[in-house]
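Inside the fold
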Amino acid sequence: MDALDRVVKPKTKRAKRFLEKREPKLKENTKNAMLIKGGNANLTVTEVLKDIYAVKKPFAVLYKKKNITRPFEDQTSLEFFSKKSDCSLFLFGSHNKKRPNNLIIGRMFDYHVLDMIELGVEKFVSLKDVKNSKCPEGTKPMLIFAGDMFDVNEEYRRLKSLLIDFFRGPSVPSIRLAGLEYVLHFTALDGKIYMRSYKVLLKKSGCKIPRIELEEMGPSLDLVMRRTHLASDDLYKLSLKQPKALKPKKKKNISHDVFGTTYGRIHMQKQDLSKLQTRKMKGLKKRPAEKSAESGGVSPKKPKS
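Residues numbered from 1 in each chain as written. Predicted model: local features only at pLDDT ≥ 70, side-chain atom pairs only at ≥ 80, totals over all residues. Heavy atoms only, no water.

1. Focus: the pattern of salt bridges
Operational definition: By salt bridge we mean one thing: a side-chain nitrogen of Lys or Arg within 4 Å of a carboxyl oxygen of Asp or Glu. We count a stretch as a helix when DSSP gives it H or I for four or more residues in a row; a strand needs E for two or more, and each element gets its number in order from the N terminus. Throughout, exposure labels follow a simple rule: accessible area from a 1.4 Å probe, protein chains only, divided by the maximum for the residue type, with under 20% read as buried, over 50% as exposed, and the rest as partly exposed.
Enumeration according to the criterion identifies 15 salt bridges in this entry. The salt bridge involving Glu-137 is made with Lys-57; its shortest N-O contact spans 3.7 Å. With a gap of 80 residues between them, Glu-137 in the loop between β5 (112-125) and β6 (142-146) and Lys-57 in the loop between α2 (43-56) and β2 (60-67) connect regions that are remote in the sequence. Here Lys-57 falls in the partly exposed class, since its relative accessible area comes to 26%. Connected via shared salt-bridge partners are Lys-31, Arg-107, Asp-115, Glu-154, Arg-157, Arg-158 and Asp-165.

In structure tokens:
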């Protein structure tokens, strides 16, 4: 039995809190990412990992030591580090003659590799190369995807899902206008993926709605897709399964249209409209002749007294 698979009983309150944090929950914690440097990583790959770590903080762990591993051949090292650091996302950087400036982005399911995609860095502009103001640490980015390939091609569709998982940050119940200050833009064009990051500047416009300008902030990456390791449809479907407690309960006789309007259906017994009570008015009062006609005879005249 593996040392990490043993049932460990906590001896201190701190250890108990640590284990409770890793227990399965209905609403999972924000996904953490581990950034690992390969055994032959060069300066470019190292700088890319540092910049992505700066963007992803505080939900990231950067391993500074080199790790000699090949994720496409052997995934045990990644799974070990995932369990050790409680990270479900990873970015592995390496460099060699066959695959220069190489990045492998992927995610885990139950501490096993679910899918990963290998990307080559063709052009890189770091955060420090762009002399503009930066966003504060932990800013939640707005993600924009441009290009038909993200919707047509299965590999690009899975890459889009991976990038959303990696950069989305924590789930928030509400937002404020001033907090929308960071944009990550991904464009798929001519077999390449262009990653650009911008800071949103809110300028005066003379009305309530401000004028918006985008200022390039860095990092900037030109990527090309190389190898892919995608999960099977059954495993991918299993990883997306939600607990029954989170699924909304279906309410009877309630429907919604495409615009989100709620409609309700009411079931009533058949009404006898002849017995419907209306407002009593003198003008609607029946005359004696009408009453006698309904009864089928003529009412006898009353004798004079």
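Still more to cover.
2. Concerning the nonpolar core
Within soluble globular proteins, side chains that are nonpolar tend to cluster in buried spots. Threshold: Among buried residues, the Ala, Val, Leu, Ile, Met, Phe, Trp, Tyr and Cys ones that are joined through side-chain atoms within 4.5 Å form a nonpolar core. Residue contacts are counted whenever heavy atoms from the two residues lie within 4.5 Å of one another.
Ranked by internal contacts, the top residues of the largest apolar core, which has 35 residues, are Ile-52, Ile-105 and Phe-167. Considering every element that reaches this core, the biggest residue donor is helix α5 (residues 154-167), with six residues. Contact partners of Ile-105, with chain neighbours within four places excluded, come to Phe-90, Leu-91, Asp-115, Met-116, Ile-117, Leu-119, Leu-159, Leu-162, Leu-163 and Phe-166. If you look at the next biggest cluster of nonpolar residues, it comprises 13 residues, including Phe-72, Leu-78, Ile-104 and Met-108.

3. Remarks on the layout of surface pockets
The criterion, for reference: The way it works is a 1 Å grid over only the protein atoms, where trapped points that fit a 1.4 Å probe form a cavity and open points with protein on both sides within 12 Å along at least five of seven lines form a pocket, and then any residue with an atom within 4 Å of a point lines it. Grid points are joined across faces, edges and corners, and a volume is the space filled by probe spheres set on the points.
Empty space within the second largest pocket amounts to approximately 320 Å³. Residue lining of the second largest pocket: 18 residues in total, with Asn-40, Thr-69, Arg-70, Ser-94 and Asn-96 positioned closest to the centre. Listed by contribution, the elements that provide at least two residues to the lining of the second largest pocket are β3 (89-94) and β4 (102-109).

4. A short note on α5
Our working rule: Helix span, as expected, comes to 1.5 Å for every residue beyond the first.
Taking 1.5 Å per residue as the helical rise, α5 with its 14 residues ought to reach 20 Å, and the 20 Å between its terminal C-alpha atoms agrees with that figure. Within α5, burial applies to Tyr-156, Arg-158, Leu-159, Leu-162, Leu-163, Asp-165, Phe-166 and Phe-167. Just downstream of α5, Gly-169 is the residue with a positive phi angle, here 80°.

5. Observations regarding the packing of α2 against α5
Heads up, the condition is: Every axis in this analysis is a line fitted to C-alpha atoms, fitted for helices over the stretch in contact. Angles between the N-to-C directions lie between 0 and 180 degrees. Each residue receives one of three labels: charged for Asp, Glu, Lys and Arg, nonpolar for Ala, Val, Leu, Ile, Met, Phe, Trp, Tyr, Cys and Pro, and polar for the others, Gly being one of them.
Running from N to C, α2 and α5 point in directions that differ by 65°, and their axes come no closer than 10 Å. On α5, the residues touching Ile-52, Val-55 and Lys-56 of α2 are Asp-165, Phe-166 and Phe-167. When its residues are assigned to classes, the contact of α2 with α5 shows four nonpolar, no polar and two charged.

6. Notes on a nonpolar patch on the surface
Stated precisely, the cut-off is as follows: Here a patch means residues that are over 30% exposed by relative accessible area and free of salt bridges, tied together within 9 Å if like-charged and within 5 Å if nonpolar (Val, Leu, Ile, Met, Phe, Trp, Tyr). A 1.4 Å probe and the Shrake-Rupley method give the accessible areas. Residues count as covered only by the protein chains that appear here.
On the surface, Leu-177, Leu-202, Ile-212 and Leu-214 cluster together to form a nonpolar patch covering roughly 400 Å² of accessible area. Mapped onto the secondary structure, Ile-212 falls in strand β9 (residues 211-216). With relative accessibility at 57%, the residue Ile-212 sits in the exposed group.

7. Side note on a positive patch on the surface
Which entries qualify depends on this criterion: For the purpose of charge, His is not counted, nor are the chain termini; Lys and Arg are scored as positive and Asp and Glu as negative. To locate a charge, take atom NZ for lysine, CZ for arginine, CG for aspartate or CD for glutamate.
Together, Lys-13, Arg-14, Lys-16 and Arg-17 line one region of the surface with positive charge. With respect to the helices and strands, Lys-13 occurs in helix α1 (residues 13-22).

8. Concerning the UniProt feature "domain: Brix" (unreviewed entry) in the chain
Where we set the bar: UniProt positions are given in the numbering used here, feature names are shortened, and annotations may be inferred rather than shown by experiment.
The UniProt entry lists residues 31-234 under the feature "domain: Brix" (unreviewed entry), expressed in the numbering used here. The span residues 31-234 is 22% helical and 41% strand by assignment, and the distance between its end C-alpha atoms comes to 22 Å.

9. Quick look at α2
Its 14 residues place the ends of α2 20 Å apart at the C-alpha level, agreeing with the 20 Å of an ideal helix rising 1.5 Å per residue. What α2 keeps buried is the set Val-45, Thr-46, Glu-47, Val-48, Leu-49, Asp-51, Ile-52, Val-55 and Lys-56.

10. A closer look at empty space enclosed by the protein
Enumeration over the complete set of coordinates arrives at two cavities of 30 Å³ or more. Forming the boundary of the largest cavity are 15 residues, of which Ile-105, Leu-119, Leu-163, Met-195 and Leu-223 lie nearest the centre. If you list the elements that add at least two residues to the lining of the largest cavity, you get α2, β4, α5, β8 (192-203) and β10 (220-229). Taken as a whole, the second largest cavity holds about 100 Å³ of empty space. Every residue along the wall of the second largest cavity is listed here: Val-55, Lys-56, Lys-57, Phe-59, Gly-138, Thr-139, Lys-140, Pro-141, Phe-167, Gly-169 and Pro-170.

11. Details of the environment of Ile-104
Within the element layout of this structure, Ile-104 appears in strand β4. A residue is classified by how much of its surface remains accessible, and Ile-104, at 2% relative accessible area, is buried. Apart from the residues within four sequence positions on either side, Ile-104 is in contact with Pro-71, Phe-72, Phe-90, Leu-91, Phe-92, Met-116, Ile-117 and Glu-118.

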